[in-house]
Amino acid sequence: VARLAGPAQRAPLAAVAAARTARGFSTVKCDTDGEPGTPTYRMRFKDASGREISPWHDIPLYTGEEGVLNALFEIPKYTKPKMEVATKEPQNPIAQDVKKGKLRDYHGPIFWNYGMFPQTWEDPNATHAETKCAGDNDPVDVVEIGSEVLPQGAVEKVKVLGTLAMIDEGEIDWKVIAVRVADPLAKELHDIDDVEAKCPGVISGIREWFRWY
């Protein structure tokens, strides 16, 4: 059972405080093997030299711009397959999540671009003071509320606007609300209050969607 704890909070993002300092960021290329919708599907990542990299460990979090982070997108909006960085596989390709031997789909299409912040981790040994729950042992998630559909594997600069804390089976699972820097909305959105004012229904929509999840 999942529940959302408390109102959306303002940035900055405390959950990424333990992330490593960013290295220089070069172009990332994506290759796929296996068929989509099967357990063998993988999206793998390579740097400019063609060397396979981990999107979790090798893509930098920080961009050098205040309030702007790199995000990797696993699930384009309006889609249902629950795709995620495979944290237990070498080089952490994107794969469809499996539970009890079956590929997982959401209860309905997600209405935002969904992904993760590289070089972040929700520590299962650290208990959050307010929720009294520990981390879920995964990267920190991002919900991007911009106007465009972002393709799977896209690495984009995003402006952090706020956070929601989802409690799932006793673990805390932060959902960071952000907007792509290149999106037209980015010039109007600077914090979570702007989202409430200029995008009415978005925060409550995210909260309710994840309640059903």
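Calculation criteria
- Residues numbered from 1 in each chain as written.
- Predicted model: local features only at pLDDT ≥ 70, side-chain atom pairs only at ≥ 80, totals over all residues.
- Heavy atoms only, no water.
- Helix = DSSP H or I, 4+ residues; strand = E, 2+ residues; numbered from the N terminus.
- Buried < 20%, exposed > 50% of the residue type's maximum accessible area, 1.4 Å probe, protein only.
- Contact = heavy atoms within 4.5 Å.
- Areas by Shrake-Rupley, 256 points an atom, 1.4 Å probe, with all protein chains shown as cover.
- Pairing = 2+ DSSP bridges.
- Salt bridge = Lys/Arg side-chain N within 4 Å of Asp/Glu carboxyl O.
- Phe/Tyr/Trp six-rings, centres within 6.5 Å; stacked < 30°, edge-to-face > 60°.
- Core = buried A, V, L, I, M, F, W, Y, C linked by side-chain atoms within 4.5 Å.
- pLDDT = per-residue confidence, 0-100.
- Polar contact = N/O pair within 3.5 Å; in protein donor to acceptor, adjacent residues only side chain to side chain.

Caption draft 1: Structural context of the overall build of the chain. From N to C terminus, the chain includes two helices and 14 strands. Here the chain holds 213 residues, and the buried ones make up 47% of them. When contacts within the chain are restricted to residue pairs at least 6 apart in sequence, those whose partners lie at least 24 apart make up 68%. Surface summary for the chain: the accessible area is close to 10,600 Å², and the carbon and sulfur share equals 51%.

Caption draft 2: Representation of the pairing of strand 12 (residues 141–144) within the structure. A two-sided burial pattern is seen for strand 12, the buried positions comprising Asp141 and Val143 on one face and Val142 and Glu144 on the other. Of the pairings in the sheet, the one linking strand 10 (residues 113–116) to strand 12 comprises four bridges and is antiparallel in character. When the sheet's bridge partners are listed, asparagine 113 is paired in strand 12 with glutamate 144.

Caption draft 3: Quick peek at the pattern of salt bridges. Under the criterion given, the structure shown has 14 salt bridges. Put simply, lysine 82 and glutamate 84 hold a salt bridge, and the shortest N to O gap is 3.0 Å. Of the residues examined, lysine 82 reaches a relative accessible area of 9% and is grouped as buried. Its relative accessible area of 26% is what places glutamate 84 among the partly exposed residues. For aspartate 97, the salt bridge is made with arginine 104, and the minimal N-O distance between the two is 2.9 Å. One network of salt bridges, with partners in common, ties together Lys82, Glu84, Asp97 and Arg104.

Caption draft 4: Up close: the packing of aromatic side chains. Applying the stated criterion across every chain, the model contains four aromatic pairs. Ring geometry for tyrosine 106 against tryptophan 209: centres 4.8 Å apart, planes inclined by 75 degrees, an arrangement best described as edge-to-face. Here tyrosine 106 is found in the loop between strand 9 (102–103) and strand 10, whereas its partner tryptophan 209 is found in helix 2 (residues 202–212), with 103 residues between them in sequence. Assessed through its relative accessible area of 5%, tyrosine 106 is described here as buried. Between the aromatic rings of phenylalanine 111 and tryptophan 112, the centroid separation amounts to 5.9 Å while the plane-to-plane angle is 90 degrees, which identifies the pairing as edge-to-face. Assessed through its relative accessible area of 42%, phenylalanine 111 is described here as partly exposed. For tryptophan 112, a relative accessible area of 9% translates into the label buried. The structure contains a cluster of three or more aromatic residues connected by ring pairs, namely Tyr106, Tyr114, Trp209 and Phe210.

Caption draft 5: Representation of the nonpolar core within the structure. Trp112, Ile145, Val195, Ile206 and Phe210 are the most contacted members of the largest nonpolar core, which totals 33 residues. Every element with two or more residues in this core is listed here: strand 3 (42–46), strand 5 (68–75), strand 6 (83–85), strand 10, strand 13 (155–168), strand 14 (171–180), helix 1 (192–198) and helix 2. Top contributing element to this core by residue count: helix 2, with five residues. In this structure, Ala71, Phe73, Phe117 and Ala165 belong to the second largest nonpolar core, which totals 17 residues.

Caption draft 6: Structural view of the confidence of the model for the chain. Scored by pLDDT, the chain comes out at a mean of 88, with 88% of its residues at no less than 70. Taken as a whole, residues 1–6 scores under 50 in pLDDT and shows 22 contacts with residues more than four places along the chain or in a different chain.

Caption draft 7: Up close: the environment of isoleucine 110. Relative to the assigned elements, isoleucine 110 resides in the loop between strand 9 and strand 10. Along the primary structure isoleucine 110 and tyrosine 78 are separated by 32 residues, whereas in three dimensions their C-alpha atoms are 5.2 Å apart. Sequence-distant contacts of isoleucine 110, defined by excluding residues within four places in its chain, comprise Ile75, Pro76, Lys77, Tyr78, Thr79, Trp209 and Phe210.

Caption draft 8: Molecular detail of the side chain of threonine 120. Relative to the assigned elements, threonine 120 resides in the loop between strand 10 and strand 11 (134–135). Threonine 120 gets classed as buried once you look at its relative accessible area, which sits at 3%. At a separation of 2.6 Å, a polar atom in the side chain of threonine 120 contacts the main-chain carbonyl oxygen of phenylalanine 117.

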